[in-house]
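Descriptive structure summary
Below, each chain spelled out in residue letters.
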Amino acid sequence: HAFVLPLLGVVLASWYGGLWPGLLALALSMTAVVFLFIEDRHTFVVTRPGDQFAIGLFLFAGVGCALLGEAQWVG
């Protein structure tokens with residue numbers, strides 16, 4: 001659940017800025033979520049498979065949103 005609001009930020013950054021702002025928003029939001037909300041907190045090591053899967057889905061969705069935002073920006 002911690003990835004829902006950051007994903008909306010990635011969508012908005014991609015929609016209004018294109019690819020690179022979307023990827024920057026993705027990297028910053030993922031770093032913040034992993035550091036602040038995923039157990040063991042205040043570390044970047046993710047050991048639980050469920051959390052690793054959630055991070056993978058977040059990356060996949062974020063890159064997809066950035067690419068679609070770039071397509072909208074170019075179009």
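So, here is what we can say about the structure in this document. Because the structure is a prediction, the values reported are computed rather than measured.

What counts and what doesn't
Residues numbered from 1 in each chain as written. Predicted model: local features only at pLDDT ≥ 70, side-chain atom pairs only at ≥ 80, totals over all residues. Heavy atoms only, no water. Helix = DSSP H or I, 4+ residues; strand = E, 2+ residues; numbered from the N terminus. Buried < 20%, exposed > 50% of the residue type's maximum accessible area, 1.4 Å probe, protein only. Core = buried A, V, L, I, M, F, W, Y, C linked by side-chain atoms within 4.5 Å. Contact = heavy atoms within 4.5 Å. Expected span 1.5 Å × (residues − 1). Arc of directions from axis to C-beta. Polar contact = N/O pair within 3.5 Å; in protein donor to acceptor, adjacent residues only side chain to side chain. Salt bridge = Lys/Arg side-chain N within 4 Å of Asp/Glu carboxyl O.

Comments concerning unusual backbone geometry
In this structure, the amide linkage connecting Glu 39 to the following residue, Asp 40, adopts the cis form with an omega of -25 degrees. Phi angles above zero are rare outside glycine, and His 42 is one such case at about 65 degrees. Position of His 42 among the secondary structure elements: in the loop between helix H2 (19–36) and helix H3 (49–74). The exposure class assigned to His 42 is exposed, which follows from its relative accessible area of 56%.

Considerations on the nonpolar core
With ten residues, the main nonpolar core is built from Phe 3, Val 10, Leu 26, Met 30, Val 33, Val 34, Ile 38, Val 46, Ile 55 and Phe 58. Contributing elements (two or more residues each) for this core: H2 and H3. The element best represented in this core is H2, accounting for four residues. The contacts of Val 34, once residues within four sequence positions are left out, are Thr 43, Phe 44, Val 46 and Ile 55.

A short note on H2
Between the first and last C-alpha of H2 there are 26 Å, a value that for 18 residues agrees with the 26 Å anticipated at 1.5 Å per step. Of all the positions in H2, only Leu 19, Gly 22, Leu 26, Ser 29, Met 30, Val 33 and Val 34 are classed as buried. Burial along H2 is one-sided: seen end-on, the buried residues are contained in an arc of 125 degrees. Turned more than 90 degrees away from the buried face of H2, the exposed residues are Trp 20, Leu 24 and Leu 28. As for H2, its buried residues are in contact with helix H1 (4–17) and H3.

Focus: H3
Taking 1.5 Å of rise per residue, the 26 residues of H3 would be expected to cover 38 Å, and the 37 Å separating its terminal C-alpha atoms lies within 8% of that figure. Those residues of H3 that fall on the buried side of the exposure criterion are Asp 51, Ile 55, Phe 58, Gly 62, Ala 66 and Gly 69.

Section: the side chain of Ser 29
You can see Ser 29 is positioned in helix H2. Of note is the side chain of Ser 29, whose polar atom sits 2.8 Å from the backbone oxygen of Ala 25. Apart from the residues within four sequence positions on either side, Ser 29 is in contact with Pro 6, Val 10 and Phe 58.

Thoughts on the pattern of salt bridges
Evaluation of the coordinates by the stated rule reveals two salt bridges. Residue Glu 39 is joined to Arg 41 by a salt bridge in which the shortest nitrogen-to-oxygen separation is 3.7 Å. Across the pair Asp 51 and Arg 48 runs a salt bridge, and its minimum N-O distance is 3.3 Å. When its relative accessible area of 45% is taken as the criterion, Arg 48 is described as partly exposed.

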